[in-house]
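Breakdown of the fold
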Amino acid sequence: MNKRLKEIEDRMAQIRGEAQLEGADIDALDKELDELIEERKTILDKEESRKSLMNKVIQNGNTVRAFSKDEGETEETFDYSSPEYRTAFLKKIAVRQQADGTIIPMLGELTEREKRAFTFTTQNSSAVVPKATANKIVELVKSSSALYSDLNINRFNMPYSVARHIAIEEGDAAKLNEDAVPAEEKDTFDKIDIVGVDFKKGAKISQNMMIQSLDAFEMWLVNHIVKRLIHAANGYIYTVLDDTVKGMKAAQKFTTKAGLTDNELLKYLGAVTGGNVRIYANRKTIFSYLATIREGETSNKQLFFMANEDPLVRGIIHGAMVKEEASLADNIMYIGAPEEIEANEFEEANVVAMPEKGRMTWFDGFMKFDCGLLDPEAFAKVTITPAA
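What you see is a predicted model; the values in this text were computed from it and never measured.

1. Comments concerning empty space enclosed by the protein
- Under the criterion given, the structure shown has 1 cavity of 30 Å³ or more.
- Within this model, the largest cavity holds a volume of roughly 70 Å³.
- Lining the largest cavity, in full, are Phe89, Leu90, Val129, Thr133, Ile137, Glu218, Leu221, Val222, Val226, Asn350 and Val351.
- Elements supplying a minimum of two residues to the lining of the largest cavity: α3 (83-93), α5 (131-144), α8 (214-242) and β15 (341-355).
- The dominant element in the lining of the largest cavity, judged by the number of residues it contributes, is α8, at 4 residues.
- In the lining of the largest cavity, the residues fall into 8 nonpolar, 2 polar and 1 charged.

2. Comments concerning a negative patch on the surface
- On the surface, a cluster of negative charge is made up of Asp25, Asp27, Asp30, Asp34 and Glu35.
- On the secondary structure map, Asp34 appears in helix α2 (residues 26-59).

3. A look at the packing of α3 against α8
- Relative orientation of the contacting elements α3 and α8 amounts to 75°, with a least axis distance of 11 Å. With respect to α8, the element α3 is oriented roughly perpendicular. Of the residues in α8, those in contact with Arg86, Thr87, Leu90, Lys91 and Ile93 of α3 are Leu214, Asp215, Phe217, Glu218 and Leu221.

4. Remarks on the environment of Leu147
- If you trace the backbone, Leu147 turns up in helix α6 (residues 146-150).
- Since its relative accessible area comes to 0%, Leu147 is described here as buried.
- The sequence separation of Leu147 and Lys323 amounts to 176 residues, and the corresponding C-alpha distance is 8.4 Å.
- Excluding residues that lie within four positions of it along the chain, Leu147 makes contacts with Asn234, Ile237, Tyr238, Leu241, Tyr280, Glu325, Pro338, Ile341 and Phe379.

5. Quick notes on the packing of aromatic side chains
- Scanning the model with the defined rule gives 8 aromatic pairs in all.
- Between Phe287 and Phe304, the aromatic rings sit 6.4 Å apart at their centres with planes inclined by 70°, giving edge-to-face as the arrangement. Of the two residues, Phe287 sits in helix α10 (residues 283-290) while Phe304 sits in strand β11 (residues 304-306), which places them 17 residues apart along the sequence.
- Residue Phe287 is classed as partly exposed on the basis of its relative accessible area, which comes to 33%.
- Within the aromatic cluster, the residues linked to one another by ring pairs are Tyr85, Phe89 and Phe118.

6. Let's talk about the pattern of salt bridges
- In the structure shown here, the tally under the stated rule is 15 salt bridges.
- Measuring nitrogen to oxygen at the nearest pair gives 3.4 Å for the salt bridge that ties Arg155 to Glu345. Placement of Arg155 in the loop between β5 (153-154) and β6 (160-170) and of Glu345 in strand β15 is noted, with a sequence separation of 190 residues between them.
- Residue classification places Arg155 among the exposed positions, given a relative accessible area of 54%.

7. Some details on the sheet that holds strand β13 (residues 320-324)
- Taken together, 7 strands build an open sheet; the order of strands is β9-β17-β14-β10-β13-β12-β11 and the sheet is mixed. Single-partner strands in this sheet number two, and they are β9 (253-255) and β11. Between one strand axis and the next, the sheet turns by 25° as a mean value, whatever way the strands run.
- Bridge analysis of strand β10 (residues 278-281) against strand β14 (residues 332-336) gives 3 bridges, and the strand direction is antiparallel. Bridging from a neighbouring strand, Tyr280 pairs with Tyr334 of β14.
- Sheet contacts for α8: β9, β10, β14 and β17 (379-383); angle to β14, the most-contacted strand, approximately 75°.
- Each of β9, β10, β12 (313-317), β13, β14 and β17 is contacted by helix α9 (residues 262-270), which is oriented at about 45° to β14, the strand it contacts most.

Rules used in this analysis
- Residues numbered from 1 in each chain as written.
- Predicted model: local features only at pLDDT ≥ 70, side-chain atom pairs only at ≥ 80, totals over all residues.
- Heavy atoms only, no water.
- 1 Å grid on protein atoms, 1.4 Å probe; cavity = no way out; pocket = protein on both sides within 12 Å on 5 of 7 lines; lining within 4 Å.
- Points joined across faces, edges and corners; volume = space filled by probe spheres on them.
- Helix = DSSP H or I, 4+ residues; strand = E, 2+ residues; numbered from the N terminus.
- Nonpolar A, V, L, I, M, F, W, Y, C, P; charged D, E, K, R; others polar.
- Patch = residues over 30% accessible without salt bridge, like charges linked within 9 Å, V, L, I, M, F, W, Y side chains within 5 Å.
- Areas by Shrake-Rupley, 256 points an atom, 1.4 Å probe, with all protein chains shown as cover.
- Salt bridge = Lys/Arg side-chain N within 4 Å of Asp/Glu carboxyl O.
- Lys, Arg positive; Asp, Glu negative; His and termini not counted.
- Charge placed at Lys NZ, Arg CZ, Asp CG, Glu CD.
- Axes fitted to C-alpha atoms, helices over the stretch in contact; angles between N-to-C directions.
- Parallel < 35°, antiparallel > 145°, perpendicular 65-115°, else oblique.
- Contact = heavy atoms within 4.5 Å.
- Buried < 20%, exposed > 50% of the residue type's maximum accessible area, 1.4 Å probe, protein only.
- Phe/Tyr/Trp six-rings, centres within 6.5 Å; stacked < 30°, edge-to-face > 60°.
- Pairing = 2+ DSSP bridges.

The analysis is restricted to geometry; functional conclusions fall outside its scope.
This is the structure in structure tokens:
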């Protein structure tokens, strides 16, 4: 992405937060936003013109060329979704270092076609995770990290702040006489900072493990490094929700007396604001408490209905989807609206190889992520005290 375009989008995100702060100069912010929108449009128009020009060049033969054994010379371009780029990316990190420092590729040398694909795709950016690998990561997230997979994640590069509305102290809407003047509104805001938290995961792999196959090596990277990174980020979200500065109010944390009744669950659901409310708990908690709830004290009418439209959805109760979160402790539930979580991925999960002398290679996985709760009443935490 164009450097200036990144700066514009980051500044637009900052304006979004500043506009909600008490005392903000709305006219100045509005003027600045209009100027940024116009400048962004100009940059995008230029980029579109550049792409059009490049297409014309490609159509006239000045492009990366691939050669077909049977059909002769053909023209082709590559990107991060190309199979050749995927193979090149994995081959470049599947390496080991000999005692004399020589780097040995463990999945074979890049073919000429793979070299062209890697060069063409990375000529204006660093090496990114291939699309096919990224898709495997997405599927992994959907099947292993319930809350993370429910978020709408931004991808701004710079830290930013978001103002959140806490209360209207004065001047709320009210019935007035025709000639009465409404009171000036006074609102209470606080601010959540989205600055980025680093997550890292390292792992070693031996020469024998690395040379099994390209597909097996790819799955090792996804399962042993990327999965753990996202698992850590998913756990961090719950830490943020528990925090009274960036998460829920202290009054949103509840403890049951003995087990969990239908009336108690209704109270906790009613304590949460926002739509699309979901319940997150581990499997033992779901089937020990939620699945056994009946209507009333003596009724046998079941309220929990099994569902399987999603790998982590275990059922629905009172209209709320119940999702299994294996990382949560027993007897803990989080109830809330995931769309009220402001989440940003500053750096997507990626992996680099760091060969060591001998038969081992160290892989360094990393990502940068942060989040905060826009409405401090949009989530509740329930600690269930088991019945005696």
